[in-house]
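Spelled out from the first residue to the last, the chains are:
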Amino acid sequence: MTAGGRALADVTKLTRRAAIGGLAAAGLGFIAFGPRGAREQGARGRIVLDYWEKWTRHERDAMVKVVDAFNASQNRIFVRCIVTSDIGQKSLVAIAGGDPPDVIGLYAFNVPPYAESKAIVPLNELAPRFGVQLDDYAPGVRQVMQHDRGAVGGGGEGTQWWATVNTAGSVAMYYNKALFREVGLDPERPPRTIAELDEAHRKLVKTNAAGDLERVGFLHREPGWWSWLWAYHFGGRIYDAATDRSLAASAENVRAMEWMQSYARDLGVERVKKFNESFGNYFTPENPFLSGKVAMIVQGPWVANLIGAFKPEMEYGVVAFPEENAERDSRSPVGLIDTDVLVIPRGARHPEASMEFIAWTQRQDMTELLATAHFKPSPLAKASEEFLSKHPNKGIRVHYDILSSPRAFIAPPTRAWQQCKDEFDTAVQKMWRLERPAAEVCGELDRRMQGLIDRAADEKRRRGA
Amino acid sequence: MSEQLASSAAVPVTTRRRGGWWHPDWHGLVWVSPWLLGATAFLFVPMALSLYYSFTDYPLLEPPLWVGLGNYARMAGDPTFWRVVKNTAVYCLWSIPLQTGLAVALAAMLNGRIPLRRFFQACIFLPTLVPLIASAMVWMWLFNGEYGLINRLLAMVGIRGPTWLVDKNWVMPAMVLMSLWGVGQAVVVYIAALQDVPRQLYEAARIDGMGRLAQFRYVTLPMISPAILFNVIALTINSVQVFAVPYVMFRRPDGQNPAGHFYSMYLYENAFVYGQMGYASAMAWVQLVVVLALTGLMIVASRRLVHYRRV
């Protein structure tokens, strides 16, 4: 080796040693002086619970207050609130992988498939030990919390209690009072039947000189989150849990879909497409309800929060969504219940401590704190008068009426629901575009939904329930 | 000579003496062991498991249950499966040739003596650095039927633009147009290939009386054909797996636009939304076999169409 070569080899060796030494020093330094998680900071000597929640922004902030209050209330358990996006998918993988968090904030529609797979812990015995009773909740809310694993395919233990509800939502019709007044409608007397809704809608439609839509009264597909719910307002259903049958081809659903098609026909499919493109995103001031482009929408109580944030001067009213026939009995309106739930996943390390934390969140003061921040009703049967009178949502009593109504309904409790819903959405798009008659599309949809439901039942049977 | 032989014969004796795991033959394996461990844990084992799951009913939350070829048979009768196959195939058929043609044309232009050549090269490469989700959001606004820039430009020449992302007839053209946004990477490869074409071939062609087009056809294209083959194979693999952009653009809270529903999206939905990991695994294996078959076909076809220089 030449002298130059030796020198280069020495330098390389030196550089390599320096690099390895530097990396090792950095690693040790990170271990010794690096950042400390919550476990080390606030939880010394306590049981640490991981709580995954899907909410962000103000909704997350409100829940963090509840968690902080719990952590400060005792010195045995410390809860870490971890904001988790795509919570359904991540929970699925975490539970399947055997490393779930201790508590998960899921959606109501997750309860049946999770319960069917025993992926969550039943609360029948656990919850009462911590002072939480099923009777504490509004009647409609109880539907979400329970599921009968044996209803389809057998093998269940009867109806069991699987989840608690941290915030409850019921779906109602929000309407713009100023626009009602502008076209000569009485803002204090919103539509109660489908016929009245149609009439109000026609009055509210506004076009420009070119014939383009500038405003409509009502659009079924704005925001279109529950494309399947119209049948319930026509006296029907889309699924029968007792027989595990799809009812997508029922006369009520076909009538509901024909009603939807009548709007597409009157407004013009192409005109509506173009009009839809002028809508801003839901969580912005350009939301079509806030910007006055759509006068009546089907929404949950959280929309009042948007109004408060982006258009506080907006004069809005809330009413249960109209029905096809007769005058509604205001004490038992029809409406969808769509809630957030708290569950303890299978494999959670500390189910007792988890339940203790959940019980804290279910106290009346905590549910009311959370519900007020979310503009929602409390899930409990009893609400304090102060909560109701000071609630920021003007339609809070309407939402309560729906939660307590015997005619309130939930998403079909079948494990095939997610796929059925996607099929429903696709079919509704076809009908909305007037591609084929509603009866024909509903017939096809019914066959496809039943196929999915049957396959789910078969799988369950093969597993010996 | 004898000295050389003696020294070369001595090497194995020395290494054999040291022996054991530190034998020089193992050095390479030790150095690549991090990759081997990673690939085994995160590629080979998951692939083997997914092959097994493809023969099971596996809802993730419960153990897998053997169903044999049930998942593969189910695809035949699943209308959504055929819809996503059709959409993906149509997308590939339009997007791959258009992307290839545009990339070659841009590379040929940027390889010539044009002012601000480096600047234009950078401009064409830049979009490939933008995250897919961010570019999807930008394109959503560009394609907006009411306020979108594309329809505004069309309106200036008296054309009423469509609702690109809603109208089932315009979803695919919008997707293909968007795919052209990412040709920068291929352009870079083609420019490198073009710069490698020997100048004397062009001189010979000129002497033979060839015009510019004929030179491109009979000199440039054959000489860059290995680069074209490489890019077409890479494009095919990417196009068959198209996912992020249509997922952001067409899976909306009011439902999936069926015209913008692609194979990998349906695969993902089955795995993580519907809880049907077995069916999703079977779909993934079908996708892999299709990609392998297409790649194999292209390699076989390339024996006649691709020109490799002999050095």
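As the structure is a prediction and not an experimental result, all values here were calculated from the model.

Definitions and limits used
Residues numbered from 1 in each chain as written. Chains lettered and ligands numbered in written order. Predicted model: local features only at pLDDT ≥ 70, side-chain atom pairs only at ≥ 80, totals over all residues. Buried ≥ 20, exposed ≤ 12 C-beta atoms within 10 Å, placed from the backbone. Helix = DSSP H or I, 4+ residues; strand = E, 2+ residues; numbered from the N terminus. Pairing = 2+ DSSP bridges. Contact = placed C-beta atoms within 7 Å. Domains from an automatic or database assignment. Nonpolar A, V, L, I, M, F, W, Y, C, P; charged D, E, K, R; others polar. Axes fitted to C-alpha atoms, helices over the stretch in contact; angles between N-to-C directions. Parallel < 35°, antiparallel > 145°, perpendicular 65-115°, else oblique. Left-handed = near helix turned anticlockwise from the far one by under 90°.

**Let's talk about the pairing of strand E15 (residues 340-343) of chain A**
Residue and element names in this part refer to chain A.
Part 1 of the reasoning: Residues Asp340 and Leu342 point to one face of E15 and Val341 and Val343 to the other, with burial holding for every one of them.
Part 2 of the reasoning: One ladder, built from 4 bridges, connects strand E3 (residues 103-107) with E15; its direction is antiparallel. Across the sheet, residue Ile104 finds its bridge partner in E15, namely Val343.
Part 3 of the reasoning: The sheet contact formed by strand E6 (residues 164-167) and E15 spans 3 bridges and is antiparallel. The partner of Val165 across the bridge, within E15, is Val341.

**Some points on the environment of Trp360(A)**
Residue and element names in this part refer to chain A.
Part 1 of the reasoning: With respect to the helices, strands and loops of the structure, Trp360 is situated in helix H13 (residues 351-361).
Part 2 of the reasoning: Residue classification places Trp360 among the buried positions, given that 20 C-beta atoms sit within 10 Å.
Part 3 of the reasoning: In this structure the C-alpha to C-alpha distance between Trp360 and Gly131, which are 229 residues apart in sequence, comes to 9.6 Å.
Part 4 of the reasoning: What Trp360 contacts, discounting residues up to four positions off in sequence, is Phe70 and Met366.

**Regarding the domain arrangement of chain A**
Residue and element names in this part refer to chain A.
Part 1 of the reasoning: Each domain of chain A was delimited in the assignment, giving domain 1 (44-170 + 337-409) and domain 2 (172-334 + 416-460).
Part 2 of the reasoning: If you average the C-alpha positions of domain 1 and of domain 2, the two centres end up 28 Å apart.
Part 3 of the reasoning: Contact residues are listed per partner, giving 25 residues for domain 1 and 22 residues for domain 2.
Part 4 of the reasoning: For the side of domain 1 that touches domain 2, the elements supplying multiple residues, two or more each, are helix H5 (111-116) and helix H16 (396-404).
Part 5 of the reasoning: For the side of domain 1 that touches domain 2, the element with the most residues is H16, which contributes 4 residues.
Part 6 of the reasoning: Broken down by class, the residue content of the side of domain 1 that touches domain 2 amounts to 11 nonpolar, 8 polar and 6 charged.

**Remarks on the packing of helix H11 (residues 212-240) of chain B against helix H14 (residues 277-305) of chain B**
Residues and elements named next belong to chain B.
Part 1 of the reasoning: Where H11 contacts H14, the two axes come as close as 10 Å, and the packing angle between them is 165 degrees. By the angle between their axes, H11 is roughly antiparallel relative to H14. Viewed along their axes, H11 and H14 form a crossing whose handedness is right-handed. The segment H11 lies against H14, with Ser225, Leu229, Val232, Ile233, Thr236, Ile237 and Val240 engaging Gln287, Val290, Val291, Leu294, Thr295, Met298, Ser302 and Leu305.

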